[in-house]
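Structural description and commentary
Chain residues, written in single-letter form:
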Amino acid sequence: MTEPVEYPSHWETHAVLKDGSTVEIRPIRTSDRDALEAFHGRQSRESIYFRYFRYRPELSDKELDHFTTVDYRDRMAFVALLGSTLVAVARYEKWRDKPTAEVAFFVDDDHHGLGLGTLMLEFLAAAGRDRGLAGFTASVLAENYRMLAVFRSAGFEVSTRFADGAIEVDIGIEVTEEATSAIADRQRLSTARSVARIIEPQTVAVIGASRTPGKVGYELVRNLARHLSGRDDGVPLAERLYPVNPTATEAIVGLAPHRSIADATEALAAAVDARGGQDNEAEERPGAGRTIDLAVIAVRAEQVAEVVAQCATAGVQGLLVVSAGFAESDDAGVARERDLVDLARDNGMRLIGPNAFGLINTDPDVALTAVFHPIPIVAGRVAVASQSGPLGTAVVEQMRRTGIGISSFVGVGNRADVSVNDLLDYWEQDQRSHAILLYVENYGNLRNFSAVAARTSRSKPIITIGPGSPDLVELLNQAGVIVVDQVSQLTEQALLAATQPPAKGNRVVVVSNAASLARLTTDACRRHGLEVVVPSSVGGVSAADSVLIGDLDSVTLLPSGDPADYERIVVAAAVSAEVDLILVALAPTAYLLPDRLGRMLDRLNRSIDKPMAALGLVEPDRLGVEGLPLFTFPEEAAQALGRHARHGRWRSANREPIEAVEPAAALDPLIDELLADEDEVTVTMADPALPRLLSLLDLPIAPFGLASDRDGIEREAERLGYPVVLKAANLVPRSIGESGGAAIDLHNPTGLLAAYERMVEQLGSAMDPAVVQRMVPSGPLVRLTLAQDPNFGSMVSIGAGGSGMERLAPMARRFLPFDRRTADELASVTADEGLVPDDDRAGLAALGALVTGLAGAAAMADRVASVTLNPILVAGEQTAPTDIEIVLRRRPVDVLAGLRHLR
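So, here's what we can say about the structure. Remember, predicted model here, so these are calculated numbers, not experimental data.

Some remarks on the overall build of the protein chain
- A tally of regular secondary structure across the protein chain gives 27 helices and 39 strands.
- Dimensions of the protein chain, computed from the C-alpha atoms along their principal axes, are close to 105 × 100 × 55 Å.
- Taken over 903 residues, the protein chain has a buried fraction of 55%.
- Taking as baseline every contact in the protein chain between residues at least 6 positions apart, the subset at least 24 positions apart corresponds to 69%.
- Of the roughly 38400 Å² of accessible surface on the protein chain, 49% is carried by carbon and sulfur atoms.
- Counting 87 positive and 123 negative side-chain charges, the protein chain places the centres of these two groups 3 Å from one another.

Describing the packing of aromatic side chains
- Enumeration over the complete set of coordinates arrives at 13 aromatic pairs.
- Residues Phe39 and Phe106 carry aromatic rings whose centres are separated by 5.1 Å and whose planes lie at 85 degrees to one another, so their mutual orientation is edge-to-face. One end of the pair, Phe39, is in helix 1 (residues 33-42); the other, Phe106, is in strand 5 (residues 100-107), and 67 residues separate them in sequence.
- We classify Phe106 as buried; its relative accessible area is 4%.
- Ring plane angle 40 degrees and centroid distance 6.3 Å describe the contact between Tyr49 and Phe50, whose orientation is recorded as tilted.
- One aromatic cluster is present, built from ring pairs that chain together Phe39, Tyr52, Phe67 and Phe106.
- The ring of Tyr55 is capped by Arg45, whose NZ or CZ atom sits 4.0 Å from the centre of that ring.
- Positioned above the aromatic ring of Tyr52 is the side chain of Arg56, whose terminal nitrogen or guanidinium carbon lies 4.7 Å from the ring centre.

A few points about the sheet that holds strand 29 (residues 704-707)
- Taking strand neighbours across the sheet as the criterion, the five strands line up as 29-33-30-32-31 in an open arrangement whose pairing is mixed. Of all the strands in the sheet, just strand 29 and strand 31 (735-736) have a single pairing partner and so form its edges.
- Of the pairings in the sheet, the one linking strand 31 to strand 32 (residues 741-746) comprises two bridges and is parallel in character. Residue pairing across strands places Ser735 opposite Gly741, the latter belonging to strand 32.
- Relative to the sheet, helix 24 (residues 710-720) contacts strand 29, strand 30 (724-728) and strand 33 (770-774), its axis offset from that of strand 29 by approximately 165 degrees.

A look at a negative patch on the surface
- On the surface, a cluster of negative charge is contributed by Asp832, Glu833, Asp838 and Asp839.
- Tracing the backbone shows Asp838 in the loop between helix 26 (820-832) and helix 27 (841-860).

Considerations on the sheet that holds strand 14 (residues 358-361)
- A sheet is described by the order of its strands in space; here seven strands give the open sequence 15-14-17-16-18-19-20, paired in mixed fashion. Both edges of this open sheet fall to strand 15 (368-371) and strand 20 (482-484), since each of them pairs with a single strand only. Taking the axes of each pair of neighbouring strands and ignoring which way they run, one obtains an average angle of 20 degrees across the sheet.
- For strand 14 and strand 15, the ladder comprises four bridges, and the chain directions are antiparallel. From the neighbouring strand, Asn361 faces strand 15, where its bridge partner is Leu368.

Remarks on the pairing of strand 10 (residues 241-244)
- Neither face of strand 10 is exposed, since Leu241 and Pro243 on one face and Tyr242 and Val244 on the opposite face are all buried.
- Pairing of strand 9 (residues 204-207) with strand 10, which is carried by four bridges, proceeds in the parallel orientation. Paired with Ile207 across the bridge in strand 10 is Val244.

Structural notes on the environment of Arg338
- Looking at the secondary structure, you find Arg338 in helix 11 (residues 331-346).
- The exposure class of Arg338 is partly exposed, given its relative accessible area of 49%.
- Between the C-alpha atom of Arg338 and that of Phe326, which follows or precedes it by twelve residues, the distance is 9.0 Å.

Description of empty space enclosed by the protein
- One pass over the structure, following the stated rule, counts one cavity of 30 Å³ or more.
- As a volume, the largest cavity reaches approximately 90 Å³.
- Put simply, the parts of the chain that give the lining of the largest cavity at least two residues each are helix 1, helix 2 (45-52), strand 4 (85-94) and strand 5.
- Residue classes in the lining of the largest cavity are distributed as ten nonpolar, one polar and two charged.

Re the nonpolar core
- Counting residues in hydrophobic clusters, the biggest one holds 61 residues, and the most contacted among them are Trp11 and Phe136.
- Val296, Leu320, Leu359 and Ile462 belong to the second largest nonpolar core, which has 54 residues in total.

Thoughts on the side chain of Thr830
- Position of Thr830 relative to the elements: it lies in helix 26.
- Excluding anything up to four places from it in sequence, Thr830 contacts Val782, Ile798, Met811, Leu835, Val836, Leu844 and Leu847.

Quick look at the pattern of salt bridges
- Tallied over the full model, the rule gives 38 salt bridges.
- A salt bridge links Asp422 to Arg350; its shortest N-O distance comes to 2.9 Å. Of this pair, Asp422 sits in helix 13 (residues 420-429) while Arg350 is found in strand 13 (residues 350-352), placing the two residues 72 residues apart along the sequence. For the pair shown, Asp422 and Arg350 are each scored as buried.
- Taking the shortest distance from any N to any O, the salt bridge between Arg710 and Glu757 comes out at 2.6 Å.

A look at the environment of Gly128
- In this structure, Gly128 sits in helix 4 (residues 116-130).
- As a C-alpha pair, Gly128 and Tyr92 span 36 residues in sequence and 8.3 Å in three-dimensional space.
- Filtering out sequence-adjacent residues up to four positions away, Gly128 remains in contact with Tyr92, Leu133, Phe136 and Ile173.

Structural notes on helix 13
- Counting buried residues in helix 13 gives nine out of ten residues, a clear majority hidden from the surface.
- Taken as a whole, helix 13 has its buried residues at Val420, Asn421, Asp422, Leu423, Leu424, Asp425, Tyr426, Trp427 and Glu428.
- Capping the start of helix 13 is the job of one residue whose side-chain oxygen sits 3.3 Å from the backbone nitrogen of Asn421: Ser419.

Quick word on helix 3 (residues 61-68)
- The complete set of buried residues in helix 3 reads Glu63, Leu64, Phe67 and Thr68. Here the buried residues of helix 3 occupy an arc of 115 degrees about the axis, which is enough to place them on one side. Counted as exposed and oriented over 90 degrees from the buried face of helix 3: Asp61 and Lys62.
- Close packing links the buried residues of helix 3 with helix 1, helix 2 and strand 4.

Here's the deal with the environment of Val575
- When you line up the elements, Val575 lands in the loop between helix 18 (563-574) and strand 25 (581-585).
- A relative accessible area of 64% means that Val575 is categorised as exposed.

Examining the packing of helix 10 (residues 301-314) against helix 11
- The N-to-C vectors of helix 10 and helix 11 enclose an angle of 10 degrees; their axes lie 10 Å apart at closest approach. Between helix 10 and helix 11, the crossing angle belongs to the class labelled roughly parallel. Touching Ala301, Glu302, Val304, Ala305, Val308 and Ala309 of helix 10 are Arg336, Leu340, Leu343 and Ala344, all from helix 11.
- The residue inventory of the contact of helix 10 with helix 11, partitioned by class, reads eight nonpolar, no polar and two charged.

Some points on the side chain of Thr13
- With respect to the element layout, Thr13 can be found in strand 1 (residues 13-16).
- Its relative accessible area of 8% is what places Thr13 among the buried residues.
- Apart from the residues within four sequence positions on either side, Thr13 is in contact with Val23, Glu24, Ile25, Phe123, Leu896, His901 and Leu902.

Digging into unusual backbone geometry
- In this chain, Asp768 is followed by Pro769 through a cis amide linkage whose omega measures 5 degrees.
- Here Pro769 is to be found in the loop between helix 25 (749-763) and strand 33.
- A cis amide bond links Asn870 to the next residue, Pro871, at an omega of 5 degrees.
- One can find Pro871 in strand 37 (residues 864-873).

Definitions and limits used
- Residues numbered from 1 in each chain as written.
- Predicted model: local features only at pLDDT ≥ 70, side-chain atom pairs only at ≥ 80, totals over all residues.
- Heavy atoms only, no water.
- Helix = DSSP H or I, 4+ residues; strand = E, 2+ residues; numbered from the N terminus.
- Buried < 20%, exposed > 50% of the residue type's maximum accessible area, 1.4 Å probe, protein only.
- Contact = heavy atoms within 4.5 Å.
- Areas by Shrake-Rupley, 256 points an atom, 1.4 Å probe, with all protein chains shown as cover.
- Lys, Arg positive; Asp, Glu negative; His and termini not counted.
- Charge placed at Lys NZ, Arg CZ, Asp CG, Glu CD.
- Phe/Tyr/Trp six-rings, centres within 6.5 Å; stacked < 30°, edge-to-face > 60°.
- Lys NZ or Arg CZ within 6 Å of the ring centre and 35° of its normal.
- Pairing = 2+ DSSP bridges.
- Axes fitted to C-alpha atoms, helices over the stretch in contact; angles between N-to-C directions.
- Patch = residues over 30% accessible without salt bridge, like charges linked within 9 Å, V, L, I, M, F, W, Y side chains within 5 Å.
- Salt bridge = Lys/Arg side-chain N within 4 Å of Asp/Glu carboxyl O.
- 1 Å grid on protein atoms, 1.4 Å probe; cavity = no way out; pocket = protein on both sides within 12 Å on 5 of 7 lines; lining within 4 Å.
- Points joined across faces, edges and corners; volume = space filled by probe spheres on them.
- Nonpolar A, V, L, I, M, F, W, Y, C, P; charged D, E, K, R; others polar.
- Core = buried A, V, L, I, M, F, W, Y, C linked by side-chain atoms within 4.5 Å.
- Polar contact = N/O pair within 3.5 Å; in protein donor to acceptor, adjacent residues only side chain to side chain.
- Arc of directions from axis to C-beta.
- Parallel < 35°, antiparallel > 145°, perpendicular 65-115°, else oblique.

Structural data, given as structure tokens:
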């Protein structure tokens with residue numbers, strides 16, 4: 001049989017299951033006939049009975065043809081495949097006279113408990129919505145608890161009733177908040193598990209192992225052996241690490257080589273059997289068992305695909321591909337990389353790389369150091385992802401020197417499969433990681449990254465180096481990501497984030513024993529957004545906004561060196577409700593030598609539950625305080641604390657996004673009509689459809705009308721009321737004045753018509769039609785812009801308005817979603833910058849309402865590519881936009897949006 005020409009290939013994708021393995025999901029094909037027959041033959045009598053309500057040992061040719069031939073509309077079916085093996089099938093058939101369809105599911109007996117049923121229901125529901133179905137029905141035997149659990153856990157609205165000895169189930173398939181949340185939770189947990197299969201292996205094979213020192217294959221085996229041999233679980237290194245080289249005959253780093261991954265797997269299985277099988281504790285670890293968990297691939301790019309295919313046959317759980325020669329090289333490499341990812345995902349595996357620098361996991365139960373460059377490491381609380389191997393090495397080394405250490409490190413390489421978002425999902429769940437440090441050249445789809453980063457940042461601070469784009473910096477800030485300016489600041493900020501609690505505000509107390517140091521420190525704190533306070537509980541020892549103990553710069557003649565004095569004053573300040581952060585600025589003296597200062601700081605760090613840092617004009621190594629951020633100079637300490645305070649305020653803010661407004665039913669048809677056969681159209685005041693579009697988007701503009709002759713212009717002016725403005729609708733851009741296309745302050749018909757005649761003479765066809773608009777009182781001119789990008793996200797910016805002002809950078813920008821407070825803050829920037837008088841509260845409130853309106857328009861219609869309100873005349877309660885431009889853009893339909901799948 002031939003494939004139907006309507007085969008919907010846009011539904012083809014991969015998805016992650018509960019255990020972290022992957023499957024291919026796609027619509028059924030007639031060519032799946034043999035696979036379906038084999039699938040049915042593998043199932044138990046009970047499973048077949050549950051599916052068909054009777055036992056049928058095999059399917060007839062007619063049934064196989066019927067099940068594999070669908071119209072992809074009223075009859076739809078999806079299959080899940082692992083390699084070429086069909087492991088699940090789900091279908092719906094529309095009732096002839098109803099807007100609903102009957103659904104049925106069948107999951108392979110060996111793949112129960114992996115969430116396949118729920119996953120297939122999500123895809124069927126999306127296909128049903130795409131075809132306009134209202135819901136599903138299903139008949140389930142009462143004892144089929146597994147399928148009933150699928151329906152109830154999916155998040156859709158479900159109702160049940162008994163009928164004819166079975167349970168009849170009605171399933172709503174509309175997208176609800178509960179369903180969306182349930183799908184997102186399942187996606188997050190399964191993604192984290194898929195990454196854990198790679199980062200937490202119990203057994204590792206290095207394919208491409210070498211006996212030659214200096215070669216990648218040798219260094220990988222040596223570094224892995226060095227750390228795996230330190231594990232104390234009683235399992236020999238030879239049963240943890242398997243060098244694979246088809247030509248090697250002698251030991252590699254003392255380990256017997258294996259000719260293939262299949263040979264290595266056989267050796268592992270034999271070792272497990274010799275130990276009497278797998279223990280219960282091992283069963284709970286990702287991938288632990290009789291197959292290799294992680295294959296580290298270090299062969300030529302042309303050989304990688306063959307090696308991955310062998311790994312699939314051997315049951316390998318995950319892949320780290322350090323081989324280069326893929327998308328980073330040339331067009332052939334791009335295609336090779338795409339095929340590599342498909343091959344891995346088709347066979348249940350995910351991969352880090354290719355062109356990856358390596359992996360480190362300092363968990364003593366894992367002890368993984370799969371890198372080909374020796375890196376001295378210390379176990380700690382910070383997770384690191386770096387696109388640059390050398391820079392990542394330097395960061396890890398710096399973290400070792402400062403004593404902070406790492407929980408895990410990923411040299412991400414090309415990120416062809418496992419992305420930064422996937423790593424964030426994993427690290428959010430990882431109990432050993434308390435902060436996350438990123439160095440990547442780009443963040444992939446920024447809309448997706450900002451959503452994942454914002455969720456992760458609420459529990460685990462994310463730190464990254466600021467990119468060059470101001471827009472991207474703003475997006476990172478709004479997502480709660482801590483942005484630093486220099487590589488050297490990464491580790492000090494990570495130490496603060498990983499060891500100190502979140503700050504609840506920006507009030508800092510500075511405790512110092514030197515007046516000059518105190519002044520320098522307080523000035524630096526103010527420059528970085530901190531409010532320096534003297535708590536009332538610390539009385540009698542304050543001076544110059546700082547708490548001073550002693551008042552000496554370098555002379556140490558007075559008896560002020562007892563550490564107990566310093567401790568008492570710091571603790572008194574720390575327990576005050578007036579203080580959010582503590583900065584101890586104590587310079588060593590003859591009475592307070594570095595070792596005594598270090599011991600005192602260590603005691604304070606253990607007892608104080610607010611963020612604290614210290615500086616002392618000496619190298620931090622001389623103080624030797626574990627887990628306390630130590631700085632040499634005031635500026636770097638104040639800058640780090642300022643960032644920490646901003647993140648704390650972001651984290652504690654409870655800001656509900658502006659509620660999405662349900663779009664009017666007429667909005668999509670109108671956009672369809674305006675786009676017609678075009679990919680993009682611009683709607684301006686010259687378009688008769690603009691008022692209707694503005695009404696449906698709930699966007700205001702100063703009242704106006706269009707006319708093409710003297711009589712029409714006069715009628716519109718009478719309708720609107722004088723004074724009016726006369727504009728050339730088809731002159732873009734316009735400026736004030738008749739020659740510029742905008743005659744203002746017209747108070748009567750005589751002046752209006754005279755202006756019209758002169759403008760027609762000067763501007764010709766640009767005056768057909770003409771715009772007649774009610775005049776808004778003069779005031780500052782402001783520009784508001786909404787820009788929507790499917791990858792970058794939706795952003796509202798504000799700046800000076802008027803002709804030519806679009807060439808100026810905006811004063812501020814914010815990414816959606818945001819709340820009403822953020823909308824008002826964005827509007828208030830115009831007052832902060834001196835554009836709008838700060839006493840025009842009504843005008844600023846009106847600007848905030850316009851920002852909120854743009855946010856609502858973005859939520860209603862993703863085909864609104866941009867909206868520009870320019871100029872907006874800010875005039876108290878009469879504030880209004882006087883010109884507008886809306887760009888509509890056709891968006892490719894993504895049927896997979898909102899579904900669990902791998903992009």
